[in-house]
Amino acid sequence: MGASTVGTPEEEVTGMKRALKWLAVVVLVLALAVGAVFYVAFGRNRPIVDGQVLTPGVETVKDGFVSAFLLEAAPGKVALIDCGNDKQGQALLAALQRRGLSPSSVMAIFLTHGHKDHLAGCGLFPDAQVYALEEELPLIADKVRVTHPLRDGEVTGVGLLRVEAFATPGHTPGSAVYLAGGVLFFGDSAAGSKDGTLMPAVRLFSQGPGQNAASLRALAARLQPRAQEVRVLAFAHSGPLNGLQPLTSFAAQ
Ligand SMILES: [Zn+2]
Ligand SMILES: [Zn+2]
């Protein structure tokens, strides 16, 4: 018989301990890296407050690290901006329930873009018409059926509500900003910082950061003459800001 390559039991235990120690170090480094990425991406964001009323009839629904928005459209009927990161839609269903509404009360969903954290709950509302910019369809089509592709500048009536779509490519090719109920909804195209300034889309998660900044400047120029229509700026991953001014200040930089 040749020499055995198996170590003594003591050696094997030591080897295993060493491997576990390295595994723990790798897991810790990974966790710190993920934490650092999230801190860089979202650390300056204003906090999201569940149930916050932005203007009469427009409510924030906090779904973990992302928000969706519920807009009164007609008696007993609402529209949504995005539908959250939770397939079970617990936060959205609770918000409907607080109003004595059900999933069939959702008439329309306006998607800001096709990332998963904004459309996971859409399947819960089978009666809703689904709107998104046509440029975004390639990112959405395999997850949610868009019933109404939109064009830049298009205005949609939902009950008494009027929803205007603005193309703001950059975060994704078909990212949309919507104006409805006095609120400008940015999705991930911008965020509100704790110091009250508007921040552009997070570079790390965006396809075209330069294009995103250009889209925000163009949007500021388009809306400047209508500034009195914009009472609140709402963002998917941060709390809101007041008035159009944070956008025009960003554009002036
Ligand atoms: Zn996104
Ligand atoms: Zn997002």
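Details of the structure are given in the entry above.
Since the model is a prediction, treat every value here as computed from it, not as a measurement. (Residues numbered from 1 in each chain as written. Chains lettered and ligands numbered in written order. Predicted model: local features only at pLDDT ≥ 70, side-chain atom pairs only at ≥ 80, totals over all residues.)

Novice: Any details on the overall build of the protein? Residues and values, ideally.
Specialist: A count of helices and strands for the protein gives five helices and 15 strands. Here the C-alpha atoms of the protein give a radius of gyration of 23 Å, more than 25% beyond the 18 Å that 2.2 N^0.38 yields for 253 residues. Across its three principal directions, the C-alpha atoms of the protein cover 85 × 45 × 30 Å. Per-residue burial for the protein yields a buried fraction of 40% across its 253 residues. (Helix = DSSP H or I, 4+ residues; strand = E, 2+ residues; numbered from the N terminus. Rg over C-alpha atoms; globule rule 2.2 N^0.38 Å. Buried ≥ 20, exposed ≤ 12 C-beta atoms within 10 Å, placed from the backbone.)

Novice: I'd like a description of unusual backbone geometry, backed by residues and values.
Specialist: Excluding glycine, residues mostly carry a negative phi; peptide bonds, for their part, are mostly trans. Positive phi values are uncommon outside glycine, yet D82 reaches one of about 65°. Note that D82 resides in the loop between β4 (77-81) and α2 (90-98).

Novice: Describe the sheet that holds β4, and please don't skip the residues or the numbers.
Specialist: Across the sheet, which stays open at both edges, the seven strands sit in the order β1-β2-β3-β4-β5-β6-β7 with mixed pairing between neighbours. Both edges of this open sheet fall to β1 (53-55) and β7 (148-150), since each of them pairs with a single strand only. Between one strand axis and the next, the sheet turns by 25° as a mean value, whatever way the strands run. Running over the sheet, α2 touches β2 (58-63) and β3 (66-74) and is turned about 145° from β2. (Pairing = 2+ DSSP bridges. Axes fitted to C-alpha atoms, helices over the stretch in contact; angles between N-to-C directions. Contact = placed C-beta atoms within 7 Å.)

Novice: Go over the environment of S175, please, and point to the residues and values.
Specialist: Here S175 lies in the loop between β9 (161-167) and β10 (176-180). S175 sits in the buried class, given 32 other C-beta atoms within 10 Å. Once residues within four sequence positions are removed from consideration, S175 is found in contact with T112, H113, T168, P169, G170, G187 and S189.

Novice: Explain the sheet that holds strand β15 (residues 241-242) residue by residue, including any values.
Specialist: Strand order across the open sheet formed by six strands is β8-β9-β10-β11-β14-β15, with mixed pairing between neighbours. The sheet is open, and its two borders are formed by β8 (155-158) and β15, each paired with just one other strand. When strand β14 (residues 232-234) meets β15, the two strands line up antiparallel, connected through two bridges. Bridged to L233 within β15 is L241.

Novice: Run through the packing of helix α4 (residues 209-223) against helix α5 (residues 245-252), naming residues and quoting values.
Specialist: One can describe the packing of α4 onto α5 by two numbers: an axis separation of 9 Å at closest approach and a directional angle of 125°. Judged by the angle between their axes, α4 and α5 are oblique. Viewed along their axes, α4 and α5 form a crossing whose handedness is left-handed. Where α4 abuts α5, its residues L216, R217, L219, A220 and A221 lie against L247, T248, F250 and A251. Looking at the contact of α4 with α5 residue by residue, the class counts come to seven nonpolar, one polar and one charged. (Parallel < 35°, antiparallel > 145°, perpendicular 65-115°, else oblique. Left-handed = near helix turned anticlockwise from the far one by under 90°. Nonpolar A, V, L, I, M, F, W, Y, C, P; charged D, E, K, R; others polar.)

Novice: Would you mind going over helix α1 (residues 9-42) in detail, with residue names and values included?
Specialist: Two residues of an α-helix separated by three or four positions point the same way, owing to the 3.6 residues in each turn. In a regular helix each residue adds 1.5 Å, so 34 residues correspond to 50 Å; α1 covers 49 Å between its end C-alpha atoms and thus fits that length. Judged by how many residues are buried, α1 sits mostly at the surface: zero of 34 residues are covered. (Expected span 1.5 Å × (residues − 1).)

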